[in-house]
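Listed below, chain by chain, are the residues.
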Amino acid sequence: MKRRLLLGVIGVGAVSSGVLGDPHEHGAENSLAERFDCSEASRPACVLENDDVERADDSTETVDGAETEPYPDPPISFDAESIVSFVREHERAYARNDARCSRDRPERIVDYSIEFDDVRRFDWYDEIHVVRVRYAETPGGVDEDGEPWTTADGYGGAVYAVDETAAVRTGLSLGPSDSVPSETETPDPVSTGTLVDCFR
């Protein structure tokens, strides 16, 4: 029978923990570095250049190509609070860099803010932390005339698995009205995720 243990609030997100039946449902407790190939760790990153924007009055304005967001260092400790903090900062960098590096004119996005509103940790493994996050995204930049703009893209989400050796991430599909899935419908990054960082 499934049960959920409320851990409390960390930052702006409510953090909760749950157990999905028998933990052996998730397989042997190998470390993430043993389950994945550290040479294949991958996450969005790109080199951005300045962009010359022609304004309506025929003047030219140079828009600085903002640097991609640096990814956080590995957690100093591997308690629940440190892991949740790491996941929040890693996903903040991941989402911003993904937006900047995957668009046709990434240099025109000069700001990308994220506000986390749902952060939950699940006790699905003994030595691996599983953390699910949802957040509101608001990119901003300049248009073809050099005028500033901002827009709300909506919500994004991800699920991380983190232990002392590595971090794995999988995207999170949100439901109607950007609702988060139930615990049982939340994907397990250990079995479906992609390696984003190895710590050793």
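Here, every reference points to the structure presented above.
I will try to describe carefully the structure that is included in this document. Since the structure is predicted, the reported quantities are computational estimates derived from the model, not experimental observations.

Cut-offs used in this document
Residues numbered from 1 in each chain as written. Predicted model: local features only at pLDDT ≥ 70, side-chain atom pairs only at ≥ 80, totals over all residues. Heavy atoms only, no water. Phe/Tyr/Trp six-rings, centres within 6.5 Å; stacked < 30°, edge-to-face > 60°. Helix = DSSP H or I, 4+ residues; strand = E, 2+ residues; numbered from the N terminus. Buried < 20%, exposed > 50% of the residue type's maximum accessible area, 1.4 Å probe, protein only. Expected span 1.5 Å × (residues − 1). Polar contact = N/O pair within 3.5 Å; in protein donor to acceptor, adjacent residues only side chain to side chain. Core = buried A, V, L, I, M, F, W, Y, C linked by side-chain atoms within 4.5 Å. Contact = heavy atoms within 4.5 Å. Pairing = 2+ DSSP bridges. 1 Å grid on protein atoms, 1.4 Å probe; cavity = no way out; pocket = protein on both sides within 12 Å on 5 of 7 lines; lining within 4 Å. Points joined across faces, edges and corners; volume = space filled by probe spheres on them. Nonpolar A, V, L, I, M, F, W, Y, C, P; charged D, E, K, R; others polar. Salt bridge = Lys/Arg side-chain N within 4 Å of Asp/Glu carboxyl O. Disulfide = S-S within 2.5 Å.

A look at the packing of aromatic side chains
Under the definition given, this model contains four aromatic pairs. Measuring from centroid to centroid gives 5.7 Å for F86 and F199, while their planes differ by 90 degrees, and the two rings are edge-to-face. With F86 in helix α2 (residues 80-102) and F199 in the segment after β10 (194-198), this pair connects stretches of sequence that are 113 residues apart. Using a relative accessible area of 17% as the deciding quantity, one classes F199 as buried. A centroid spacing of 5.1 Å and a plane angle of 10 degrees characterise the contact between F122 and W124, whose relative ring orientation is stacked.

Concerning α2
Three- or four-residue spacings in an α-helix give side chains the same orientation, since the helix completes a turn every 3.6 residues. The end-to-end C-alpha distance of α2 is 32 Å, a good match for the 33 Å that 23 residues give at a rise of 1.5 Å each. Between the side-chain oxygen at the start of α2 and the backbone nitrogen of E81 there is a gap of 3.2 Å, and the oxygen is on D79.

As for the nonpolar core
If you look at the biggest cluster of nonpolar residues, it comprises 22 residues, and the most contacted ones within it are V87, V131, V133, Y160 and V162. Listing elements by their share of this core, those giving two or more residues are α2, β5 (109-122), β6 (129-142) and β8 (154-162). When near neighbours in sequence (up to four residues on either side) are disregarded, V87 contacts V131, V133, Y160 and V162. One finds F36, A161, A166 and L172 within the second-largest nonpolar core, a separate group that totals 14 residues.

Side note on the pairing of strand β9 (residues 166-171)
The buried count for β9 comes to five of six residues, which makes it a mostly enclosed element. The pairing of β8 with β9 spans five bridges and is classified as antiparallel. Within β9, the position partnered with V162 by the bridge is A167. Adjacent in sequence and paired antiparallel, β8 and β9 are bridged by three residues. Note that β9 and β10 share four bridges and pair antiparallel. Its bridge partner being in β10, A166 is matched across the sheet by C198.

Concerning the layout of surface pockets
Reported here for the largest pocket is a volume of approximately 200 Å³. Tallied by class, residues from the lining of the largest pocket come to three nonpolar, four polar and seven charged.

A closer look at the pattern of salt bridges
All chains considered together, the criterion is met by eight salt bridges. The salt bridge partner of E89 is R92, with a shortest N-O separation of 3.7 Å. Of this pair, E89 and R92 both sit in helix α2, three residues apart, which is roughly one turn of the helix. Look at R92 and you get partly exposed, because its relative accessible area is 23%. D123 is the partner of R121 in a salt bridge, and the nearest nitrogen-oxygen pair spans 2.6 Å. Classification of R121 as buried rests on a relative accessible area of 8%. Assessed through its relative accessible area of 27%, D123 is described here as partly exposed. Put simply, D118, R120 and R132 are held in one network by salt bridges that share partners.

What about the state of the cysteines?
Here a disulfide denotes one covalent bond, and it connects the sulfur atoms of two cysteines. Evaluation of the coordinates by the stated rule reveals two disulfides. Between C38 and C198 runs a disulfide, and the two sulfur atoms are separated by 1.9 Å. Disulfide C38 to C198: torsion about the S-S bond roughly -80 degrees, handedness left-handed. Separated by 160 residues along the polypeptide, C38 in the loop between α1 (32-35) and β3 (51-54) and C198 in strand β10 bring together distant segments of the chain. Here C38 falls in the partly exposed class, since its relative accessible area comes to 30%.

Digging into the environment of L174
Tracing the sequence through the fold places L174 in the loop between β9 and α3 (189-192). A residue is classified by how much of its surface remains accessible, and L174, at 22% relative accessible area, is partly exposed. Separated by 16 residues in sequence, L174 and A158 place their C-alpha atoms 9.6 Å apart. Contact partners of L174, with chain neighbours within four places excluded, come to R134, Y155, G156, S179 and V180.

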